[in-house]
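# Understanding the architecture of this molecule
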Amino acid sequence: MDSNILLLSLSLFVLYVAQLSWCYQSPQGVKINYREKEKEVLDQILGPSSYDARIRPSGENGTDGPTIVRVNLFVRAITTISDNKMEYSVQLTFREQWLDERLKYNDYDGRIKYLTLTEASRVWMPDLFFSNEKEGHFHNIIMPNVYIRIHPQGSVLYSIRISLTLSCPMNLKLYPLDRQSCSLKMASYGWTTDDLIFLWKEGDPVQVVKNLHLPRFTLEKFYTDYCNSKTNTGAYSCLKVDLLFKREFSYYLIQIYIPCCMLVIVSWVSFWLDQSAVPARVSLGVTTLLTMATQTSGK
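Residues numbered from 1 in each chain as written. Predicted model: local features only at pLDDT ≥ 70, side-chain atom pairs only at ≥ 80, totals over all residues. Heavy atoms only, no water.

Under the annotation held in an unreviewed UniProt entry, the chain carries the name Glutamate-gated chloride channel isoform X2 and is attributed to Diaphorina citri. As recorded by UniProt, the Sequence similarities (unreviewed entry) comment attached to the chain reads in full: "Belongs to the ligand-gated ion channel (TC 1.A.9) family. Glutamate-gated chloride channel (TC 1.A.9.4) subfamily." (UniProt positions renumbered as here; feature names shortened; annotations may be inferred.)

Okay, structure coming up:
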């Protein structure tokens, strides 16, 4: 009985090994190099005779409607928030996803999950720009922080890490007990809504890194919205994120309020000095004024 069970187990093992070898070999018994297959697929779908990056993809379900591009962001850091210049700097991972049916290919029974490119010029790209941007740059250390993934069904994912300095008009009437709302606006530069529409990715379109540390501010919450605009040349799709910052009062309490209160209290000491002690009264008042002037100029 035990020998029969052992023989059956051995037979099943041999059959399993044979199936594995069949999966990794072609019918002729030759191993398939799927990296070579990826090269063949790229040459096929991106060849000059089959793909033109100047032409936008078709609409959903192959219609002539506008191309739908879904956007999501990952906020990596917010480095500065300037009251004087009314601007803030942010580093983020920006992602776009759309469907280009011209890029469909054979995935060889799931062996090729996606193809990766690092040259954005090889495929059609949405002409998105940040409308309230002052400065910006890409990250190229050690390699350019950008990639494009092409999935078998033609879905394209574009991801890039960028740093931006954006304008943020502020209302400082309640300073330093104020809250400020800063926006991040993204819009199409040349394609109108007849050709291109931006949508927020469903689910969680904006993510913020955990333990985000801000200089003198706290990020209370953020909102996603649409800001489509209409000009003389047409209507353009637009997305925006509103970041609500609360100023940290503890910094100003320690650096300004408490020192000023202590200086005022010290200045009152002169009222308890003898009237004939003129040098002491003058020295105390002048010292207090000089201290406040020094503290103010050092801010």
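This part covers the overall build of the chain. Tallying secondary structure elements over the chain gives four helices and 14 strands in all. Within the chain, buried positions represent 33% of all 299 residues. A sequence separation of at least 24 residues applies to 74% of the contacts in the chain between residues at least 6 apart. Total accessible area on the chain is roughly 19,200 Å²; 58% of this is exposed by carbon and sulfur atoms. (Helix = DSSP H or I, 4+ residues; strand = E, 2+ residues; numbered from the N terminus. Buried < 20%, exposed > 50% of the residue type's maximum accessible area, 1.4 Å probe, protein only. Contact = heavy atoms within 4.5 Å. Areas by Shrake-Rupley, 256 points an atom, 1.4 Å probe, with all protein chains shown as cover.)

In this structure the tally under the stated criterion is 12 salt bridges. In this structure, Arg56 engages Asp195 in a salt bridge whose closest nitrogen and oxygen atoms are separated by 3.3 Å. Highlighted residues: Arg56 in the loop between helix 2 (34-45) and strand 1 (67-82) and Asp195 in the loop between strand 8 (179-188) and strand 9 (196-200), separated in sequence by 139 residues. Exposure remark for Arg56: the relative accessible area of 16% places this residue in the buried category. Residue Asp195 is classed as partly exposed on the basis of its relative accessible area of 24%. With its nearest N and O atoms 3.0 Å apart, the salt bridge here joins Arg102 to Asp100. When its relative accessible area of 29% is taken as the criterion, Arg102 is described as partly exposed. (Salt bridge = Lys/Arg side-chain N within 4 Å of Asp/Glu carboxyl O.)

Moving on, we get to the state of the cysteines. Taken as a whole, this structure holds two disulfides when the rule is applied. The disulfide partner of Cys168 is Cys182, and the gap between their sulfur atoms is 1.9 Å. Between Cys168 and Cys182 the sulfur-sulfur dihedral comes to about -75°; the bridge is accordingly left-handed. Note that Cys168 is positioned in the loop between strand 7 (155-167) and strand 8 and Cys182 in strand 8, a separation of 14 residues in sequence. Overall, Cys168 belongs to the buried group, its relative accessible area being 1%. Put simply, Cys227 and Cys238 are joined by a disulfide, and their sulfur atoms are 1.9 Å apart. (Disulfide = S-S within 2.5 Å.)

Turning our attention to the packing of aromatic side chains. One pass over the full model with this rule turns up eight aromatic pairs. Pairing Phe217 with Phe245 gives two aromatic rings, centres 6.2 Å apart and planes at 70°, and the pair type is edge-to-face. Separated by 28 residues along the polypeptide, Phe217 in strand 11 (residues 217-226) and Phe245 in strand 14 (residues 238-247) bring together distant segments of the chain. Residues Phe217 and Phe245 agree in their burial class; the two are buried. (Phe/Tyr/Trp six-rings, centres within 6.5 Å; stacked < 30°, edge-to-face > 60°.)

Alternating residues of strand 6 (residues 146-150) divide into Val146, Ile148 and Ile150, all buried, and Tyr147 and Arg149, none buried. Sheet analysis places strand 3 (residues 115-117) next to strand 6, joined by three bridges and oriented antiparallel. By the bridge assignment, Leu115 is partnered in strand 6 with Ile150. For strand 6 and strand 7, the ladder comprises five bridges, and the chain directions are antiparallel. Paired with Tyr147 across the two strands is Ser159, which belongs to strand 7. Counted between consecutive antiparallel strands, the loop separating strand 6 from strand 7 contains four residues, among which Gly154 sits at a positive phi close to 95°. (Pairing = 2+ DSSP bridges.)

Take the nonpolar core next. Counting residues in hydrophobic clusters, the biggest one holds 50 residues, and the most contacted among them are Val71, Leu73, Tyr88, Phe94, Leu184, Met186 and Phe245. Sequence-distant contacts of Val71, defined by excluding residues within four places in its chain, comprise Phe94, Arg95, Glu96, Met186, Phe198, Leu199, Trp200, Lys201, Pro205 and Leu239. (Core = buried A, V, L, I, M, F, W, Y, C linked by side-chain atoms within 4.5 Å.)

On the surface, a nonpolar cluster with roughly 530 Å² of combined accessible area is contributed by Leu253, Ile254, Ile256, Tyr257, Ile258 and Met262. Among the structural elements, Ile254 can be located in helix 3 (residues 249-268). (Patch = residues over 30% accessible without salt bridge, like charges linked within 9 Å, V, L, I, M, F, W, Y side chains within 5 Å.)

With respect to topology, four strands assemble into an open sheet ordered 4-8-14-11, the strand pairing being antiparallel. The two strands at the open ends of the sheet, each matched to only one other strand, are strand 4 (128-130) and strand 11. Sheet twist, expressed as the average angle between the axes of neighbouring strands with direction ignored, equals 20°. Note: strand 4 against strand 8, three bridges, orientation antiparallel. If you follow Phe130 over to strand 8, its bridge partner there is Met186. (Axes fitted to C-alpha atoms, helices over the stretch in contact; angles between N-to-C directions.)

A word on the pairing of strand 7. Regular strands have side chains that alternate between both faces of the sheet. Where burial is concerned, most of strand 7 is hidden: 11 out of the 13 residues are buried. With 13 bridges connecting them, strand 2 (residues 87-99) and strand 7 associate as antiparallel partners. Residue pairing in the sheet places Gln91 in a bridge with Ser163 of strand 7. Where strand 5 (residues 133-138) meets strand 7, five bridges bridge the pair, whose relative direction is antiparallel. Of the residues in strand 7, the one forming a bridge with Phe138 is Ile162.

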